[in-house]
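Here is what each chain is made of, one letter per residue.
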Amino acid sequence: QVQLVESGGVLVQPGGSLRLSCVTSGIIFSTCDMGWFRQAPGKQRELVAVINRSGRTNYADSVKGRFTISRDNAKNSVFLQMNSLKSEDTAVYYCNAATIGPNYWGKGTLVTVSS
C-alpha cells in the first residue's frame, strides 16, 4: 500500500520559516520524481517545487529564492524548507510522487501564515 504522509504545517508569522516533511512507503522512492503542491482556499492546486530522481529542482516563480526542496533517498523522504513566509503562502501543502505508473498524493498539511 502506497502512503505519503506530510507533516510540519503550523501557524507561523509573516517572515518566519517552516520545514515540511513527506515520508513515503510502498514506492521505490529513488526512482520517483517528487513534488510539493499547494491549494489555497478558493483556488486551484498549484505546483510549488519539484525534485527529480537525479536531484534537479524546479520552482514556481512565486517561491523562488525563498523555498528549497530536497530529498533523502535513504529515508524515503522529501522536504520543503520555506523561508520569508508571506500571507499568500497560506495553503494546504501536498506531497506528490510521480512514478512510472500512477501519481500518488498525500493528504496534505496546513500552513497558515498570519500575525
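Okay, so let's go over this structure. Position labels on residues start from 1 in each chain and follow its written sequence. Given that this is a predicted model, residues contribute local features only at a pLDDT of at least 70 and side-chain atom pairs are listed and counted only at 80 or more, while totals for whole chains, interfaces and linings are drawn from all residues. With hydrogens and water stripped out, all remaining heavy atoms of the structure feed into the side-chain values.

**Quick look at the overall build of the chain**
In DSSP terms, a helix is any run of H or I states spanning at least four residues, a strand is any run of E spanning at least two, and both are numbered starting from the N terminus. When you go through the chain residue by residue, the secondary structure sums to 0 helices and 11 strands. Atoms considered for the radius of gyration are the C-alpha atoms alone. The globule rule reads 2.2 Å times the number of residues to the power 0.38. Its C-alpha atoms give the chain a radius of gyration of 13 Å, near enough to 13 Å, the size a compact globule of 115 residues would have. For every residue, the accessible area obtained with a 1.4 Å probe (protein chains only) is divided by the maximum for its type, and the residue is called buried under 20%, exposed over 50%, and partly exposed between those limits. Evaluated residue by residue, the chain yields a buried proportion of 40% over its 115 residues. For this count, His and the chain ends are skipped, Lys and Arg are scored as positive, and Asp and Glu as negative. Lys charges are placed at NZ, Arg charges at CZ, Asp charges at CG and Glu charges at CD. For the chain, the distance from the average site of its 12 positive side-chain charges to the average site of its 7 negative ones is 3 Å.

**With respect to the side chain of Ser21**
Summarising the element assignment, Ser21 is placed in strand E3 (residues 18–25). Beyond its immediate stretch of four places on either side in the chain, Ser21 contacts Val5, Glu6, Ser7, Trp36, Val78 and Phe79. Contacts: residue pairs with any heavy atoms within 4.5 Å of one another.

**What to know about the environment of Glu88**
Structurally, Glu88 can be placed in the loop between strand E8 (77–82) and strand E9 (91–98). Distance from Glu88 to Ser114, taken between C-alpha atoms, is 9.5 Å for residues 26 residues apart in sequence. Separated by 3.1 Å, the side chains of Glu88 and Ser87 make a polar contact. Any pair of nitrogen or oxygen atoms within 3.5 Å is treated as a polar contact; in protein, a donor-acceptor pairing is required on top of that, and neighbouring residues in sequence qualify only through side-chain atoms on both sides.

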